[in-house]
Amino acid sequence: MKPFRMDNALPVDTTIPDPSLVVLIGAAGSGKSTWARTWPATQVLELDRFRAMVSDDAGAQEATEDAVFALQAVLEARLTRRKMTVVDATNCEKFVRADLIATARRHGVPTVALVVPTRLPVCIERQKTRPASRRVPDQAVRAQHAAMADAWPGLPGEGFDHLVIAGNLSRLKEMLQPLSDARRADLGWDDDAGLGELLLVRRTFGPEVLPMWSWRDGSQLADGDRVAEIRLGADRLVLALRNNVVGEGDVGFEVLVGCAVDDNCDGAAWAPAYSVTDLLRALTGELMSDPDVYCTVHGGADDVDQEADDHALQDDDPEGRADLEEQFAAAVRE
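Residues numbered from 1 in each chain as written. Predicted model: local features only at pLDDT ≥ 70, side-chain atom pairs only at ≥ 80, totals over all residues. Heavy atoms only, no water.

1. Points about the environment of Val-227
- For Val-227, the location among the structural elements is in strand β7 (residues 226-232).
- Sequence separation of Val-227 and Arg-216 is 11 residues, and the distance between their C-alpha atoms is 5.3 Å.
- For Val-227, the contacting residues outside a window of four places in its chain are Trp-215, Arg-216, Asp-217, Ser-219, Leu-221, Ala-222, Val-238 and Leu-239. (Helix = DSSP H or I, 4+ residues; strand = E, 2+ residues; numbered from the N terminus. Contact = heavy atoms within 4.5 Å.)

2. As for the packing of helix α3 (residues 64-80) against helix α4 (residues 94-106)
- It is at 9 Å that the axes of α3 and α4 come closest, and there the two elements cross at 30°. On the basis of the axis angle, α3 is roughly parallel to α4. Considering how the two elements wind past one another, α3 and α4 form a crossing that is right-handed. Contacts between α3 and α4 involve Gln-72, Leu-75, Glu-76 and Leu-79 from the first element and Leu-100, Thr-103, Ala-104 and Arg-106 from the second.
- Split by residue class, the contact of α3 with α4 holds four nonpolar, two polar and two charged. (Axes fitted to C-alpha atoms, helices over the stretch in contact; angles between N-to-C directions. Parallel < 35°, antiparallel > 145°, perpendicular 65-115°, else oblique. Left-handed = near helix turned anticlockwise from the far one by under 90°. Nonpolar A, V, L, I, M, F, W, Y, C, P; charged D, E, K, R; others polar.)

3. A few points about α4
- Between its terminal C-alpha atoms α4 stretches 18 Å, which fits the 18 Å expected from 13 residues at 1.5 Å a residue.
- Among the residues of α4, those classed as buried are Arg-97, Leu-100, Ile-101, Thr-103 and Ala-104. The buried residues of α4 occupy an angular sector of 160° when projected down its axis, which confines them to one face. Within α4, the exposed residues directed more than 90 degrees away from the buried face are Lys-94, Phe-95, Arg-105 and Arg-106.
- Against the buried residues of α4 lie β1 (21-25), α3, β3 (85-88), β4 (111-115), α6 (138-151) and α7 (155-158).
- Positive phi shows up at Gly-108, right after α4, with a value of about 65°. (Expected span 1.5 Å × (residues − 1). Buried < 20%, exposed > 50% of the residue type's maximum accessible area, 1.4 Å probe, protein only. Arc of directions from axis to C-beta.)

4. Here we look at the pattern of salt bridges
- Enumeration according to the criterion identifies 17 salt bridges in this entry.
- Here Glu-46 and Arg-49 are joined by a salt bridge, their closest N and O atoms 3.7 Å apart.
- For Arg-242, the salt bridge identified is with Glu-254, shortest N-O distance 2.8 Å. Residue Arg-242 is located in strand β8 (residues 235-245), and its partner Glu-254 is located in strand β9 (residues 250-257); the two are separated by 12 residues in the primary sequence.
- Members of the salt-bridge network, linked through shared partners, are Arg-216, Glu-229, Arg-231 and Arg-236. (Salt bridge = Lys/Arg side-chain N within 4 Å of Asp/Glu carboxyl O.)

5. Some words on α3
- A rise of 1.5 Å per residue sets the reference length of α3, with its 17 residues, at 24 Å; its end C-alpha atoms lie 24 Å apart and thus fit the reference within 8%.
- Where α3 is concerned, the buried positions are Thr-64, Ala-67, Leu-71, Leu-75, Arg-78 and Leu-79. Down the axis of α3, the buried set is contained in an arc of 90°. They therefore lie on one face. Away from the buried face of α3 by more than 90 degrees, exposed residues Glu-65, Phe-69 and Thr-80 are located.
- In this structure, the buried residues of α3 make contact with β1, β2 (44-46), α2 (47-55), β3 and α4.
- Looking at the residues trailing α3, positive phi occurs at Arg-82, about 55°.

6. Quick word on the confidence of the model for the protein chain
- Averaged over the protein chain, the pLDDT score is 88; the fraction of residues at 70 or greater is 85%.
- Counting interchain partners and residues more than four positions distant, the pLDDT-below-50 stretch residues 304-315 has three contacts.
- Contacts for the low-pLDDT stretch residues 317-322, under 50 throughout, to residues beyond four places or in other chains number two contacts. (pLDDT = per-residue confidence, 0-100.)

7. Focus: the packing of aromatic side chains
- In this structure the tally under the stated criterion is four aromatic pairs.
- For the pair Trp-213 and Phe-253, a centre-to-centre distance of 5.5 Å together with 80° between the ring planes defines the contact as edge-to-face. Taken as a pair, Trp-213 in strand β6 (residues 213-215) and Phe-253 in strand β9 lie far apart in primary sequence, 40 residues in all.
- Phe-253 sits in the buried class, given a relative accessible area of 5%.
- Connected via pairs of aromatic rings, a cluster forms that spans Phe-205, Trp-213, Trp-215 and Phe-253.
- Above the face of the Trp-215 ring, Arg-226 is positioned so that its terminal group lies 4.0 Å from the ring centre. (Phe/Tyr/Trp six-rings, centres within 6.5 Å; stacked < 30°, edge-to-face > 60°. Lys NZ or Arg CZ within 6 Å of the ring centre and 35° of its normal.)

As structure tokens, this is what we get:
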């Protein structure tokens, strides 16, 4: 394992002009994508994302050539417009960096080498928590890390206008500011309307649900609680906003499902909906078997079980059987 050593003789700085082409350089698991997220998503060209675009699998290494072709096309378009652009890939090979530098020079855009020299054991350890399709073999991570360390002294000579070490940057504000702005907008603190009554909806089910969401005020389906609907084409889910969950005063959603006891039941059966996963389970019918389902006619699972127990006790009642036997004997005697 070749360690990374910073040579103080190199012209290291923290200058990142706007516009410029920022080339992230580091092994898989070094944290490049975390740094990339400090720029707006529209400015970041992530190789894994392009692999997913061309193959539906971000980890499909056999799709890398097509992904690079697509990334290059977008890169050319952005630099033609002199837009700030960040290339999020390992970029450990010299020929890859040379192509990127040449592209930037054609458009008169300065280049920045942003090196992320995270220690090799950390890069390898981080692979363990990744999905199998995104996990990079240890041998490949070692090779990438060694290539990064080998490239470091020669980066100025490759033609980069600025050489930056990730640890020298202060970009936490750049990451938090847009998140804060979005949150303030949601709450209406920016003098806009904000999400208002949809804030809880987005927090529970995610922003993608909002365009399909509508309140059905005036509906008495939920015994006076507010009713909403998620509709997309022929598909429809009905929900109730509960303001006193389990008598504790908490707020949460329930989704309307079929009665698990009687297919012909006319009552409304409700199940708690804590996330978008519960919405999917309700749509597929899987949520009907949830133990927390409560039917306005048959009650909850405990009530149904008690009803079954009552029937069982009645069937096993020895006094009842004795009474029937006595009636039968009396009938025979007559």
